[in-house]
Amino acid sequence: MSFWDGLWRGGRSTPFDSGSAATNAIELTKRNHTVSLSKQGAANGNLRINLSWRMRTSDIGGPQRESLLRHPFKAFKPEVVQAHTQSMVNVDLDLGCMYELADGTKGVVQPLGSFFGELNSAPYVKLSGDDRFGSGSGETIFVNLDHREEIKRLLVFVYIYDQTPAFDRTHAIVTLYPSNGPRIEVGLDERHPQARSCAVVMIENVKNELVVRREVKFVYGFQAELDRLYGWGLQWGRGYKAKADR
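Residues numbered from 1 in each chain as written. Predicted model: local features only at pLDDT ≥ 70, side-chain atom pairs only at ≥ 80, totals over all residues. Heavy atoms only, no water.

(A) Structural context of the overall build of the chain. Helix and strand counts for the chain come out as 2 helices and 15 strands. Counting across all 246 residues of the chain, residues that qualify as buried make up 48%. Summarising the internal contacts of the chain: among those between residues at least 6 apart in sequence, 74% fall at separations of at least 24. For the chain, the exposed surface amounts to about 12,900 Å²; the carbon and sulfur share of it is 49%. (Helix = DSSP H or I, 4+ residues; strand = E, 2+ residues; numbered from the N terminus. Buried < 20%, exposed > 50% of the residue type's maximum accessible area, 1.4 Å probe, protein only. Contact = heavy atoms within 4.5 Å. Areas by Shrake-Rupley, 256 points an atom, 1.4 Å probe, with all protein chains shown as cover.)

(B) Up close: the sheet that holds strand 12 (residues 183-187). Taken together, the 7 strands give an open sheet; going across it, the order is 2-12-11-4-9-8-7, and neighbouring strands pair in mixed fashion. In this open sheet, the two edge strands, each paired with only one partner strand, are strand 2 (25-27) and strand 7 (117-118). Relative to strand 9 (residues 139-144), strand 4 (residues 46-52) is paired through 6 bridges, and the arrangement is antiparallel. Bridged to Arg48 within strand 9 is Phe142. (Pairing = 2+ DSSP bridges.)

(C) Structural detail: helix 2 (residues 223-230). Among all positions of helix 2, only Gln223, Ala224, Leu226, Asp227 and Tyr230 are buried. Projected down its long axis, helix 2 carries its buried residues within an arc of 160°, all on one side. Looking one or two residues beyond helix 2, the residue adopting positive phi is Gly231, at roughly 65°. (Arc of directions from axis to C-beta.)

(D) A look at the pairing of strand 5 (residues 93-101). With 9 of its 9 residues buried, strand 5 lies for the most part within the structure. A two-sided burial pattern is seen for strand 5, the buried positions comprising Leu93, Leu95, Cys97, Tyr99 and Leu101 on one face and Asp94, Gly96, Met98 and Glu100 on the other. Taking the residues that link successive antiparallel strands as the turn, the strand 5-strand 6 (residues 106-109) hairpin has 4 residues, and the phi of Gly104 there is positive, at about 95°.

(E) Quick peek at the side chain of Ser36. Along the polypeptide, Ser36 turns up in strand 3 (residues 34-36). Residue Ser36 is classed as buried on the basis of its relative accessible area of 12%. Apart from the residues lying within four places of it in its own chain, the contact partners of Ser36 are Glu209, Leu210 and Val211.

(F) Structural context of the pairing of strand 6. Here strand 5 pairs with strand 6 via 4 bridges, running antiparallel. Each bridged residue has a counterpart across the sheet, and for Glu100 the counterpart in strand 6 is Lys106.

Quick look at the structure:
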C-alpha cells in the first residue's frame, strides 16, 4: 500500500498566461549552478516551469540495434513491433513547489491533495494540472513575477507518486521559461535508483534580485524530508490520489 505526503489545504482554479519560450537555453550544472533572472531582464511576467519525462528505451522492451557490418542482412529483415510495456506508466512523476512569501506565509503547490495554488493572488504560484503518464506536455507551474517583491523563496521539487522509485530509469528534465531571455534547463540524470524525491531548483529574492540556483538533491523520502532539508517547517500528513482514467 502506497502513501504520500500531502497538506490539508484547498485551492481554486485561476486563468493564467504563459511566458514566451526562448529559442536558446542555459543548462544549470554543478559548475555553473546559478543564473539571475533580474540581470537578464526576466524578473517580471509569468515564469513557466515545466517537468517532462519518458522511460529509457532499454527499460521498456525497445528493440536493440545490431551492427549492420556484422549482420548485413538485418537491413532487409523487418523488426518486430513491440507494444509499450507496463513500465511505461508505472512511474508517475509530480512537479511541486514549496513557497515562502515575504510576510512569512508558507505552503506548497502540488498535484497531491489538489493544491493547485493561485496566480494573481497569494501565493502567486499556479500548477496547471497533473500529468500521470509522462505525456509530451508534462506538468507546468506558473509563477507571477509581477509580485516578486512578495516572494521570498520557492523550492521547485519532483517526487515519484508510485510504488517503484525509478529516477534512474527516466529522462526527466525541468525547464524554466522566463518572460525574456533563454530558457533554463536542469536535468535529473544522476543515478539515485532508490530516491523518491528531488529538490531541483531554488528561486530566491536576494536584495531585490531574483536568482535561480540548481539544487538537484535526491532524498529517499517524500516532501516532508525535503521540508526538513530546507527548513520549511510545514505540517505534513498522508495523502492519496484518486484513480485516473487510463
